[in-house]
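Summary of the model geometry
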Amino acid sequence: MSVPSSWPAALLLLAAAMMMSVSVCVDAKQQKQLRFGTSGEFKILQVADMHYANGKSTKCLNVFPYQMKDCSDLNTTAFTERMIQAEKPDLIVFTGDNIYGYDSTDAAKSLDACFAPAVQSNIPWVAVLGNHDQEGTLSREGVMKHIVGMKNTLSLLNPPDVGVIDGFGNYNLEIAGVQGSGFQNKSILNLYFLDSGDYSKVPSIPGYGWIKSSQQNWYHQTARKLKGAYMAKPEPQKGAAPGLVYFHIPLPEYKNFDKSNFTGVKQEGISSPSINSGFFTTLVETGDAKAVFTGHDHLNDFCGELTGIYLCYAGGFGYHAYGKAGWSRRARVVVTSLEKTSKGTWGPVKSIKTWKRLDDKDLTAIDAQVLWAKTSADYQD
C-alpha cells in the first residue's frame, strides 16, 4: 500500500497507523510462539471427520433408532466441547472433512459452527482439508482462506516463503522449550500439516488425491532447516527434534497392518490413494517424523509402527459422518513429555504417548500407548 505525498499530515498519520495495525495483526499470527508449559508437557487433541453441515437440522448417521430424534450436528459440537474441557489441550488439530460440503447450505456458516468450540475456548487450533470440505459453496482455496481468517487459529493458507506448492493448508508449527530453560529459544517438537488432496485430477488414475512432490520437497527442506537449528548452539543436540505429521487421507502404507501389529481396531478397508507418491519414503529418509495422524476412514482407529514411524487413525468424530451404531464416536490425544536435565530444569523431549477418548458418559480413555521414547543413543556425550 503506497500513500500519496500530497495527503494532509493527519491523513498520512492515519494511513501509517492502519498499515502498522495490519502488519502487527499478520506478524502476531505468524510469530505466535507455542511452547511447553512448566508442567513439561504439550498436549494435542486431534478431531477427525466432523462432517458438519447445518447444525440442528442436520441429522446423525449410523446411530440407534431411539437416538435419531434428538441427534444432530449439535452432538458433534457437544462432543468437541466435552473433549476440550476434559483434556485442556495446548493445541487442537482438525484433520479434514471438517464440514460435509455437499449437505451444507452455506459453507462459511458451517465452518464457523464446526470450529466454534475451539474458537470460544481461546486455545490455539489448526485445520487441514479433507476430501469433502470443498463440495459446498466455497472452493478448496476458499475454505482454507476462511479458516485462516478465523479467531485463534494458527492455520496458514500455505508456507509464506515457498513460491509454488500443491494444495492449500501446508504449513508447520515449532513448539519451543519451557520458558527460562536452555531450550526456550529452540523448537524441540515440530508439527507438520499437509493437504492430502481430495480426488485424483489425472484421468488415468482413479480414486483419491495424494501428497505431491512439491509438498514433499517443502517438508524435507523445512525439516532439514529445523534439524540444523536444533543441532546448533545453545544446547546442541545429536539429531533432529521429533516431528509429528497431520493430514487427512491415509498413506498406502497403512495397509501393512493387521490385528497382530497395531493397537485399536480396523473395521473397514484402507481408503488411500490408488498410487503411492512416496511420501512415507520421504518421511523415513528425512528422519524426524515419529508419527503420522490421519482420518478419512471413520471405522478405523488403530495405531501401528512401520520402519520406526507410527501410522495412526483418530477414528470418526462427527455424528453426520458415517459410523457404526453402538461404536462410540472418538478423538485422539497425543502428549509429548520433556526430560529433566542434570541441572533440574526442563530439557528436550523424552517421550510421546497417545490415547483415545470415547463419546460416552465417562469420556472413557482407551488404547494408551507409547509412540516414541528417547533412548541412550539419543543422549549427549
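Residues numbered from 1 in each chain as written. Predicted model: local features only at pLDDT ≥ 70, side-chain atom pairs only at ≥ 80, totals over all residues. Heavy atoms only, no water.

Regarding the pairing of strand β6 (residues 187-193)
Side chains on a regular strand alternate between the two faces of the sheet. For the record, the criterion: Accessible area is worked out with a 1.4 Å probe on protein chains only. A residue is then buried under 20% of its type maximum, exposed over 50%, and partly exposed in between. Elements are defined by DSSP. Helices are runs of H or I of four residues or more, strands are runs of E of two residues or more, and each kind is numbered from the N terminus. Two strands form a pair only when DSSP identifies at least two bridges running between them.
Of all seven residues in β6, seven are buried, a share of seventy percent or more. With six bridges connecting them, strand β5 (residues 171-176) and β6 associate as antiparallel partners. Looking at β6, one finds that Y171 is bridged to F193. Examined bridge by bridge, β6 and strand β7 (residues 243-246) share four bridges and lie parallel to one another. Within β7, the residue paired with F193 across the bridge is Y246.

Focus: the packing of helix α3 (residues 73-87) against helix α4 (residues 107-121)
Threshold: Where helices are involved, their axes are fitted lines through C-alpha atoms of the stretch in contact, as for all axes, and angles between N-to-C directions lie from 0 to 180°. When an angle is under 35 degrees it counts as roughly parallel; over 145 it counts as roughly antiparallel; between 65 and 115 it counts as roughly perpendicular; any other value is oblique. Helix crossings fall into two classes, left-handed where the near helix is turned counterclockwise from the far one by less than a right angle and right-handed where it is turned clockwise. By the convention used here, residues are in contact when the closest approach between their heavy atoms is within 4.5 Å.
Interhelical geometry of α3 versus α4 gives an angle of 25° and a closest axis separation of 9 Å. Taken together, α3 and α4 sit at an angle that is classed as roughly parallel. Where α3 crosses over α4, the two elements pack in a sense that is right-handed. Between α3, through T77, T80, E81 and I84, and α4, the contact on the second element is made entirely by A113, P117, A118 and S121.

Quick look at the packing of aromatic side chains
Put simply, the test is: Ring pairs shown here join Phe, Tyr and Trp side chains whose ring centres sit within 6.5 Å, with only the six-membered ring taken for Trp; geometry is labelled stacked below 30 degrees between planes, edge-to-face above 60, and tilted in between.
What the rule picks out here adds up to 18 aromatic pairs. Taking the centre distance of 4.9 Å and the plane angle of 25° together, the rings of Y246 and F293 count as stacked. Taken together, the residues span a long stretch of sequence, with Y246 in strand β7 and F293 in strand β8 (residues 289-294) at a distance of 47 residues. F293 matches Y246 in its accessibility class, with the two residues each being buried. Pairing Y254 with F302 gives two aromatic rings, centres 6.2 Å apart and planes at 50°, and the pair type is tilted. Note that Y254 is positioned in the loop between β7 and α7 (279-286) and F302 in the loop between β8 and β9 (303-306), a separation of 48 residues in sequence. When its relative accessible area of 0% is taken as the criterion, Y254 is described as buried. The class of F302 is buried, set by a relative accessible area of 0%. Through successive ring pairs, a cluster of aromatic residues spans Y254, F257, F262, F302 and Y313.

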